[in-house]
Structures are given as structure tokens and as C-alpha cells.
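Structural overview
What follows is the residue order along each chain.
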Amino acid sequence: MDRTEYNQVKASTLVEVARIAAPYRDKPEMLMEVVLSVEEIVPMFSSQVTAVIAREMNIPQTQVYSFISFYKMLYTGKRGKYIVHMCQSAPCHIRGAKEVLESAEEFLGIKVGETTEDHMFTLAYSPCIGNCDISPAILINGRVYGNLTPESVRDVLKGYIRGEVQ
Amino acid sequence: MQELKVLTEFCGVINPKDAKDYINVGGFEGLKKAVKMDGQEIIDVISDSGLRGRGGAGFPTGRKIQFAYNTDSDIKYIVCNADEGEPGTNKDRVLLSENPFLIIEGMAIMGKAIGSNCGYIYLRGEYSYIREILQAAIDSCVANNLLGKNILDSGFDFEIRISSGAGAYVCGEETALFESIEGKRGEPRFRPPFPGVSGLFGKPTVLNNVETIANIGLILKHGADWFKGMGTEGSPGTKLFTVIGNIKHRGIYEFPMGINLKDLIFNCCGGVEDGHQLLAVQAGGASGPFINAEQIDMPLDIDYVSSSGGRLGCGTIMVIDETNCIVDIVANNAYFFKGESCGKCTPCREGTTRLYNFIEDISQGRGSLETLRKIDDLTETMNAASLCGLGRSATVPVTSAIRNFRGEFIKHIDKDYCPKCQGKRGDIA
Ligand SMILES: Cc1cc2nc3c(=O)[nH]c(=O)nc-3n(C[C@H](O)[C@H](O)[C@H](O)COP(=O)(O)O)c2cc1C
Ligand code: SF4
Ligand code: FES
């Protein structure tokens, strides 16, 4: 996907969004599925995007927006290609999550909540990701990394920068 | 004490995507029996087994199924709560990814019992990588006539759909979970009506935790007496425990209900890591109480733990060694609840934020005894007036920590230097 599209989503992308949402007209219970599929092709859920989803599914645009803003893994703002969920809950916390986080911040040159300039990474805080048996753990686009140290977290990120991991 | 692998017997052994693999080791025998029984017979077996919910509250599962059975409706639903949002809990992940057939079988049996033809598995967003395994397992069951139309040629139809969460702890609360599946914000509903009368899409619904459901096929297969032969009288069966934190052997273990907490930590899991001393244990996930090293000699049985002010709940045991500051950990905990409150009701929306601020004040040397008194007042209000369990359980870790580690709180109020949390003050990670 083209991340220069932040401010103005291309017409062709919006057509694609409409194609995803249209089969679920008057089926509001499919909103999560639609949103998760649309997420793969848009840089962010801007008002243009939510308007198309609302129109095609025949639900109010405010409902789409309020839905997306409720769930922490969905973003109404800018986000990178890879979202790095840094677990902050106690089991990770007492095993050095803070040092891992600081190392990642320093390596990427951004703070938690921010996105790198090349739109590659977003660093996000996350409550427990359910892998405390290998804490401290992080989650990057559905992949879990555990038993991290300030050094090893950098290696993980490097793998994405080099393109070793997709 | 030896592990007793009942639910986890075939975890890591079978291919979780191929139903035949599970059939070959004796799987789906419970379903085969159930399709020939009538609803009340199935419910009687489950009630008689004494199975109680593994998701938190320990409610008798048979009674829950009976409610939905008793309500007349042409459409009913079975819902599997795979939200596993409780920090420190990893057990459902293991069952979902290593033996999803136990869950599928249990849901189908409950479907047969109450006359439901449709089940949902609500999978938390953080487990999106498991969805593919679950879907493959479901497809494989359909291909083997264990799901879909006319299951095992019995005339009973049952399908299972997967629904995704996207990062919200409160969606583990049953009515919030229904809202989420329905395509709305996951905010809890007022009760009554209860789910057995009006649940998902307003229809009678049975909702259970992953681990609870995983027991059902085995109970049908081996009988209620077999099940009652394990565990304690009030809490029969086995329990999955996630033992994590500063412990030598972290992991997910299965033991009979009633195992002693001290044994679990020191004998089964090798004790505290690196020769450190035990400071505290938090049992039951983020909403469980903090207890000190003297209090850990207790049987892990649903009723015993609740009578001592705790919740066995999801079976999480977080071990904390003396290099940690309890005030810092309580602050981390309060931050979690502040972030997860859905905001629907005032006592919790405002209360969780105020509670975090009070703990931060104490942690940073701005607190006084008056702060502790205010915490008492606030937690009392939150307990009495919160709409769902989140607002009520947010108070448990705080009040228990203050009760059991009062000296540490006073030290921070006195502005005594705390070498353990000094570097961490002012933030939460
Ligand atoms: C805030 C909150 C979060 C919850 N999270 C979960 C969860 O992640 N998994 C779960 O099984 N139950 C969770 N529960 C408990 C459920 O509401 C429900 O009681 C349980 O799933 C019932 O299943 P059981 O009878 O099999 O235990 C949560 C409850 C509350 C109040
Ligand atoms: S108690 Fe908290 S989480 Fe529950 S409904 Fe009220 S605000 Fe929402
Ligand atoms: S606390 Fe970090 S994965 Fe559970």
C-alpha cells in the first residue's frame, strides 16, 4: 500500500474499500470483518474511508468511527506498516519490559505512540499479549517475540528493516 | 505432585488442523454419545459432574446450560469466550492452538443440549495468528461430518463461526462480548436480562470460557463420576495454571483442583528464580489480590480461594521476588485498569483514573495517610456502584496490597528512599 496516501486516499483504493464492504449491506455484525480487511489496504481509517464503509454497509458513519476508536488495535490516526505492540503488563514489567522498550525507542528514534518517518514502524503500548510464559514479549503484525533483552529487540527490528521478515 | 494431563494430554501431540488425528487418539467420543441423547440428559451429566466455570467466577456450568435450555426460542447460540484478556493468563492460548477440537466438540455438545445450531468463538485480536489454526480445525471437522449439516448422521446441525476482537480487555465480560460480535463498541449491558434469556442478538445464549468448554466432551465420554474423581469435592476436575513472573520454570501446567499454592511454586515450578526471596504472589490475574509470602500455604480450590478474599479465576499465578517494589507493581496494575475501563459508568470511568493517581502520588512521595483513607472510600464506591466486574475487580489488587504490604506503602508516604522503584518512578512501563 502507498503510504503517501495519508491525506488523500486514492480513488482506486476507495473503490476497493467499497468492494470489500458492499456484500455486507445491512449486516452491521460484519463491521469487524470489514474493518480488518480494509485495514490491510488503507494507510489509516480517515474520514474518506469510514464514509465509504458506512455508505456501503448502510450504517451511520459515526457508528463506524466510534467502533474503530473503541478498539485499541485499530487506528484512526497514522500508523506504520509494522505495528510493534510492546507489552506493558506486570508479568513483562517485572522481567525488564521497560529496558526493552527504551532500547526499541532509541533504536527507532521514536517514542511510544509515534510512527517512524518512513512509515515503517509504529511503536504502541499494549496490555498483556498472552505470552507471559516468555516475557518480556512483543507482538509485531501477528508475530510474537519473547524472552527479549535490550539487545535482542534490536535484532528483531533489524530483521524487518532488512526485509528478512515480511 | 505430578502434573495430571487431561485437557492438555494431546497438546503438542496431534496436528491441531486435522480432526482425524484427534479421532485416532479417542477424540469426539463424547460428541458421538451426545448426538444420541436428548438435551436434558446431556445437561444432567454435566450438572452431575460438578463442572464450574474456568473463566473467573466459577459458576456451575450445568446450571448455565439449563437456563438457556428452559427458554423457548427457535434460535439460540453457544459462545466460546476466547478473549483471554486477563494479564498473565496464557492457558486458553495453548488449548486454542494445540487442541482446538476439544473446544469444537464441547460447543457442539452444548448446542445439541439446548437446541442451538450456531456457535461463535470470540478470539481476541492479540491472538489473530491462531485464527488460521481454528478455521482449519473447523473446516476439518466439517469435512469429517463432525460439524455442519446432519452431524454423524444424527439429524443435528451445528456450525461454528469465528469472530475477532481487536484489543479491549472489557470484551471478555460476557455482555460486552455480545455487543462486540454484533458489530458495536464492546460496552457491557445492564442486567437482567441474563444471557440465558437474552444474549447474543437478543437470543438465549450459553457463554463459557475456553477451558470450561474443553472439559465437556471428556465428561460426556468418561462420565460424571470420572470427573468427580479428580480435584476437590466443591471444585472437581483439573485446572490449568499459568505460572509466570520471577519463577524458575515458567509455563502452563495442569493439576487437579486443590493443589497447594506453595507446592506449586516451590516444588513443581522450581521456586523463585536466581535464588531470590519471594515477595508476593498475585493469583487470579490482574484482578486478583496480592498476597505475601506467609499467605501462600493454601489449596487452590474455587471456594477456598474466594473465602480468603481472592479469586481462583483463570488460574494465573504471578510470582514476584524481593527485587521488585510492590507499590510500583500496584501502580502498573492500576494503570492497566485505567486504560481498560470502557467509560460507560462513572464509578469506574472516574474511579480507575483517580485510583491510579492516588497510587502514583504515594509512589512518588506525594501521598499521606489521608490518601490511603481516600482510597478506602473510593474503592468502596467502585465496588458498590460499578456496572460490570471490571470496575469492581480493579479495586481488589489495590486494597489487598495495602492490607498485606502496608509497611511498604507507609515507607513511600514517609518519602523513605526505595532503591527498588526509584529509577522507575514517574512512568509505568
Ligand atoms: C472485565 C472482565 C473481563 C473478563 N475477561 C474474561 C476473559 O478474558 N475470558 C473469560 O473466559 N472470561 C472473562 N470474564 C468472565 C466472563 O464475563 C464470564 O463470566 C466467563 O467467560 C464465563 O465463563 P465460565 O462460566 O466458563 O467461567 C471477564 C469478566 C470481566 C468482568
Ligand atoms: S465498570 Fe468500567 S468497564 Fe464496566 S461498564 Fe462500567 S466503565 Fe465500563
Ligand atoms: S504480561 Fe506481557 S505477555 Fe502477558
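Residues numbered from 1 in each chain as written. Chains lettered and ligands numbered in written order. Predicted model: local features only at pLDDT ≥ 70, side-chain atom pairs only at ≥ 80, totals over all residues. Heavy atoms only, no water.

So, on to the overall build of chain A. Check the secondary structure of chain A and you find seven helices and four strands. In sequence order, the secondary structure elements of chain A are arranged as α-α-α-α-β-α-α-β-β-β-α. The C-alpha extent of chain A, read off along each of the three principal axes, is 50 × 30 × 25 Å. Contacts in chain A between residues at least 24 apart in sequence constitute 63% of all its contacts with a sequence separation of at least 6. On chain A, roughly 7200 Å² of surface is accessible, and the fraction owed to carbon and sulfur atoms is 50%. Side chains of chain A give 17 positive and 20 negative charges; the mean places of these two sets differ by 2 Å. (Helix = DSSP H or I, 4+ residues; strand = E, 2+ residues; numbered from the N terminus. Contact = heavy atoms within 4.5 Å. Areas by Shrake-Rupley, 256 points an atom, 1.4 Å probe, with all protein chains shown as cover. Lys, Arg positive; Asp, Glu negative; His and termini not counted. Charge placed at Lys NZ, Arg CZ, Asp CG, Glu CD.)

A separate point is the site of ligand 2. In the vicinity of ligand 2 there are 13 residues, among which Cys342, Gly343, Cys345, Cys348 and Cys388 of chain B approach most closely. Each residue belonging to the shell around ligand 2 can be placed in one class, and the counts come to eight nonpolar, four polar and one charged. (Near = heavy atom within 4 Å. Nonpolar A, V, L, I, M, F, W, Y, C, P; charged D, E, K, R; others polar.)

A few words now on the sheet that holds strand S2 (residues 121–126) of chain A. Residues and elements named next belong to chain A. Taken in spatial order, the four strands make up an open sheet running S2-S1-S3-S4, and their pairing is mixed. With one partner strand each, in any of the chains shown, S2 and strand S4 (143–145) form the two edges of the open sheet. On average, each strand axis in the sheet is tilted by 25° relative to the strand beside it, whichever way the strands run. Two strands pair when backbone bridges link them, and strand S1 (residues 82–87) and strand S3 (residues 138–140) are joined in this way by three bridges, in the antiparallel orientation. (Pairing = 2+ DSSP bridges. Axes fitted to C-alpha atoms, helices over the stretch in contact; angles between N-to-C directions.)

Look at the link from Ser135 of chain A to Pro136 of chain A: it is a cis peptide, with omega at -5°. Structurally, the position occupied by Pro136 of chain A is in the loop between S2 and S3. Following Pro192 of chain B, the chain continues into Pro193 of chain B via a peptide bond in cis, with omega recorded as 5°. As for its position among the elements, Pro193 of chain B is in the loop between helix H8 (174–181) and strand S4 (205–209). Even without being glycine, Asn141 of chain A reaches a positive phi, approximately 40°. Considering the arrangement of structural elements, one finds Asn141 of chain A in the loop between S3 and S4.

Applying the stated criterion across every chain yields a total of 21 aromatic pairs over all chains. The interplanar angle of 55° and the centroid separation of 4.9 Å between the aromatic rings of Phe67 of chain A and Tyr71 of chain A together place this pair among those described as tilted. Judged by relative accessible area, which is 0%, Tyr71 of chain A ranks as buried. In textbook terms, an aromatic cluster arises when at least three aromatic residues are bridged by ring pairs, as seen for Tyr82, Phe121, Tyr145 and Tyr160 of chain A. Here the basic side chain of Arg124 of chain B rests over the ring of Tyr127 of chain B, its NZ or CZ set 5.2 Å away from the ring centre. (Phe/Tyr/Trp six-rings, centres within 6.5 Å; stacked < 30°, edge-to-face > 60°. Buried < 20%, exposed > 50% of the residue type's maximum accessible area, 1.4 Å probe, protein only. Lys NZ or Arg CZ within 6 Å of the ring centre and 35° of its normal.)

Looking now at the sheet that holds strand S9 (residues 316–321) of chain B. All names here are of chain B. One open sheet holds the five strands; their spatial order is S6-S5-S9-S7-S8, and the pairing between them is mixed. The sheet is open, and its two borders are formed by strand S6 (251–256) and strand S8 (290–292), each paired with just one other strand. Across the sheet, the axes of successive neighbouring strands diverge by a mean angle of 30°, strand direction being ignored. Pairing geometry for strand S7 (residues 278–283) and S8, over three bridges, is antiparallel. If you follow Ala280 over to S8, its bridge partner there is Asn292. Strands strand S5 (238–245), S6, S7, S8 and S9 of the sheet are contacted by helix H11 (residues 261–268), whose axis makes an angle of about 65° with S9.

This paragraph deals with the pattern of salt bridges. Residues and elements named next belong to chain B. By the definition in use, this model includes 34 salt bridges over all chains. Taking the shortest distance from any N to any O, the salt bridge between Arg373 and Asp377 comes out at 3.2 Å. With Arg373 and Asp377 both in helix H15 (residues 369–385), this residue pair falls four residues apart, about one helical turn. By relative accessible area, which is 41% here, Asp377 ends up partly exposed. Linked by salt bridges that have partners in common, Lys91, Asp92, Glu211 and Lys239 make up one network. (Salt bridge = Lys/Arg side-chain N within 4 Å of Asp/Glu carboxyl O.)

Here the focus is the pairing of strand S2 (residues 118–123) of chain B. Residue and element names in this part refer to chain B. Most of S2 sits inside the fold, with six of its six residues counted as buried. The side-chain alternation of S2 yields two buried faces, one formed by Cys118, Tyr120 and Tyr122 and the other by Gly119, Ile121 and Leu123. In this structure, strand S1 (residues 77–82) lies alongside S2, joined through six bridges in parallel fashion. Bridge pairing links Ile78 to Gly119 in S2. Relative to strand S3 (residues 159–164), S2 runs parallel, the two being bridged by six bridges. Pairing of Gly119 across the sheet is with Ile160, part of S3. With helix H7 (residues 128–143) bridging S2 and the parallel S3, this β-α-β connection has right-handed handedness. (Right-handed = clockwise from strand over helix to strand, strands pointing away.)

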